[in-house]
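Spelled out from the first residue to the last, the chains are:
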Amino acid sequence: MNIESDFLMTINGHGVTAPSRIDVVNPADGKTFALAPNCTKEQLDEAVLSARAAFPDWAARPIAERADMLKQAGEALRAHATELTQLFTREHGRPIEAARLEVLGAADWLGAASELRPPFHIVENSASQRVETRYVPLGVVCAIAPWNFPIVLAIWKIAPALLAGNTVVLKPSPFTPLCSLKLGELLREVFPPGVLNVVCGDDSLGPMMTAHPGIDKISFTGSTSTGRKVMESAASSLKRLTLELGGNDAAIVMPDVDLDAVVPQIFMGSFYNSAQVCIATKRLYVHEDIYDGVRDRLAAIARATKVGDGTEADTMLGPVQNKRQYERLLSLLRSVQESGAPILQGTEVPSNGGYFVRLTIVDNPPEESRVVQEEAFGPILPMMKFSDVDDVIDRVNRSEYGLAAAVWCKDIQRATAIAHRLETGTVWINQNLNLRPDTPFAGRKQSGFGVENGVDGLLEFMAPQSIYSALAT
């Protein structure tokens, strides 16, 4: 096999290699197809220093000028969408058309985020004094993006950080570094040197970044366990943090819904991207009156859905992205089988060394079982009966997580009343997986803290500065 090795990091506007490399595996066959640079401590120092040096000029530019460059970045992604899409599918496994949606969605997100503006408050404007509050950038931002949505979730961090006037050092997951490296290469022509740096490496790089004294802010998306380590590492220098962490997200399905209309939506809300979505439905609570109908329809869709190599035209869902997560899912599936809980599964999956898991619906397991209490982050969905609304709300809220939830109910007033009682940062009614660049997204409890998106998300990368001016002395 021809191993590609010409991928470069971006440091101070230049393409940079590294003394050693990390393997990049195609999850559809489990084989290494590329090598990516393994950033050294000295190279990280160089990236941070270049970001620090670029910060004053970048922060001094008018926000409209920075916004215009974000729009240019979106156009660069759009112009290279085909190249990025093909690379995305090889390193991530997602089917081509779904991969293209992420690339184009990231381009659109850059354009939409560029329209955000921080507030400016005049607290007092009297004969004796003027008091005003403006918002200013923080400095150098460390952006750590995950492997499940490697492009768009990087853009969630890059766009507001740069718009606010900060400079950025981006680190993608070692499982999916290539699209981010290519992104850095494309955007060297858009942003001044040092404004956007892209480094990648093995598991030692993240802790070096979170402890680095030259970094002012960390924006991290990943697991709750890793988020705790990030928080601990950042404590020594009191770095500001935004942590978007795990979510064992629940959906409640009330008995008045149209099953033929909503079940396909519930299926995609649960299994899209092979269920590797932080806000996917991972616990499905269905009223006992319609439980069998929902279960049987979900199982039928699973049996009709092809899981396979993302380069094949008829593939609907791809593999699990990496071996570590694949083995964790197999362990979870074994625990379900050993418990004796009934399962319904989709079609057979390839047995070629790729990280494929059959679509699995677990039929009414006990609430305390591992498959209900843990976030699977893969195509294993527990489905539970309920009869009492107060009881199901309590079961949903008992989770240590609080990222997102969904309510399916024809009675919008009743659905809204249920939504108001759910302890999550986002609730969808008769829809799911809908996020917007102008709307805040935040977790509660062990799902992290801080905000992404919207003006609230922009302000995560800024600090208030209040100025008091005495006008009469």
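Heads up: the structure comes first, above all this text.
Residues numbered from 1 in each chain as written. Predicted model: local features only at pLDDT ≥ 70, side-chain atom pairs only at ≥ 80, totals over all residues. Heavy atoms only, no water.

Turning next to the state of the cysteines. Taken as a whole, this structure holds zero disulfides when the rule is applied. A disulfide-free cysteine, Cys142 has its sulfur positioned 11 Å from the sulfur of Cys39, the nearest such atom. Cysteine Cys200 is unpaired, with the sulfur of Cys39 as its nearest cysteine sulfur at 7.7 Å. (Disulfide = S-S within 2.5 Å.)

Position of Thr221 relative to the elements: it lies in strand 10 (residues 217-221). Look at Thr221 and you get buried, because its relative accessible area is 7%. Side-chain polar atoms of Thr221 contact the side chain of Lys157, separated by 2.8 Å. If near-sequence neighbours (up to four positions away) are discounted, Thr221 is found in contact with Ile144, Ala145, Pro146, Leu153, Lys157, Glu244 and Glu452. (Helix = DSSP H or I, 4+ residues; strand = E, 2+ residues; numbered from the N terminus. Buried < 20%, exposed > 50% of the residue type's maximum accessible area, 1.4 Å probe, protein only. Polar contact = N/O pair within 3.5 Å; in protein donor to acceptor, adjacent residues only side chain to side chain. Contact = heavy atoms within 4.5 Å.)

Using the criterion set out here, one finds six aromatic pairs in the structure. Seen from their ring centres, Trp58 and Phe191 are 5.9 Å apart, and the 85° between their planes marks the pair as edge-to-face. In this pair, Trp58 sits in helix 1 (residues 41-60) while Phe191 sits in the loop between helix 6 (178-187) and strand 9 (196-198), placing the two residues 133 residues apart along the sequence. Both residues of the pair, Trp58 and Phe191, belong to the buried class. Between Trp156 and Phe441, the aromatic rings sit 5.6 Å apart at their centres with planes inclined by 75°, giving edge-to-face as the arrangement. On the criterion of sequence distance, the pair formed by Trp156 in helix 5 (residues 152-164) and Phe441 in strand 20 (residues 441-442) is long-range, its members being 285 residues apart. Note on accessibility: Trp156 and Phe441 belong to one class, buried. (Phe/Tyr/Trp six-rings, centres within 6.5 Å; stacked < 30°, edge-to-face > 60°.)

Further remarks concern empty space enclosed by the protein. Picture a little ball the size of a water molecule; that probe, rolled over the atoms, points out where space is still empty. If you walk through the whole model with that rule in mind, you get five cavities of 30 Å³ or more. What the largest cavity holds in volume is close to 70 Å³. Listing elements by their share of the lining of the largest cavity, those giving two or more residues are helix 13 (389-397) and strand 17 (401-402). Residue composition of the lining of the largest cavity, by class: five nonpolar, six polar and three charged. Its volume calculated, the second largest cavity comes out at about 50 Å³. (1 Å grid on protein atoms, 1.4 Å probe; cavity = no way out; pocket = protein on both sides within 12 Å on 5 of 7 lines; lining within 4 Å. Points joined across faces, edges and corners; volume = space filled by probe spheres on them. Nonpolar A, V, L, I, M, F, W, Y, C, P; charged D, E, K, R; others polar.)

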